[in-house]
Amino acid sequence: MLSAPIAGQAQESGATVDDLSVDMIRSAETVTLEEFLWIKRPVVVFADSPADPRYVQQMQYLTSDLHALDLRDVVIITDTNPAERTPARTALRPRGFMLAIIDKDGGVKHRKPLPWDVREISRAIDKMPTRQQEIQERTEGLPRG
């Protein structure tokens, strides 16, 4: 299921959902939030265990529509080991499961104690001023009519 081609830009380049997940889903142990500043929008998923049902559900939601998240320059960062004091865990201080949506400017825009689907995450991102500016810049060159 995850190896099926997806629509849009990724399909044009021959990328599959598997390719996107390799590029988009990162462990908090290998990255810092600062490396994505002005480049990507981190969506950070915390849990005390990878077996946490909320974590499992959140990851299912996220991987169900990686293309929509890719269009919004999202990188998914996962952290399921509270004993490992990752930079993301230290900065955001989650208790149990938490979903954090961070804008390109480094500001934490949303913290959620329950899973959100891609539609809710996309709507939240689309309301951010930086995303509004991106949309405006992309549509300015298009013909009207």
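In what follows, the structure referred to is the one given above.
This is a predicted model, so every value here is computed, not measured.

S.K.: Give a description of the nonpolar core that names residues and reports values.
M.R.: Counting 21 residues, the largest nonpolar core has Val-45, Leu-62, Leu-69, Ile-76, Leu-99, Ile-101 and Ile-121 as its most contacted members. Of all the secondary-structure elements, those providing two or more residues to this core are strand E2 (41-46), helix H3 (53-64), helix H4 (66-71), strand E3 (74-79), strand E4 (98-102) and helix H6 (118-126). Here this core takes four residues from H6, the largest share from any one element. Excluding residues that lie within four positions of it along the chain, Val-45 makes contacts with Tyr-55, Gln-58, Met-59, Leu-62, Ile-76, Ile-77, Thr-78, Asp-79, Phe-97, Met-98 and Leu-99. If you look at the next biggest cluster of nonpolar residues, it comprises 13 residues, including Val-31, Phe-36, Phe-46 and Leu-92.

S.K.: Kindly report on the environment of Ala-51, identifying the contributing residues and their values.
M.R.: Mapped onto the elements of the fold, Ala-51 is located in the loop between E2 and H3. The exposed category is assigned to Ala-51, whose relative accessible area is 59%. For the pair Ala-51 and Thr-80, spaced 29 residues apart in sequence, the C-alpha to C-alpha distance is 8.9 Å.

What counts as what
Residues numbered from 1 in each chain as written. Predicted model: local features only at pLDDT ≥ 70, side-chain atom pairs only at ≥ 80, totals over all residues. Heavy atoms only, no water. Core = buried A, V, L, I, M, F, W, Y, C linked by side-chain atoms within 4.5 Å. Buried < 20%, exposed > 50% of the residue type's maximum accessible area, 1.4 Å probe, protein only. Helix = DSSP H or I, 4+ residues; strand = E, 2+ residues; numbered from the N terminus. Contact = heavy atoms within 4.5 Å.

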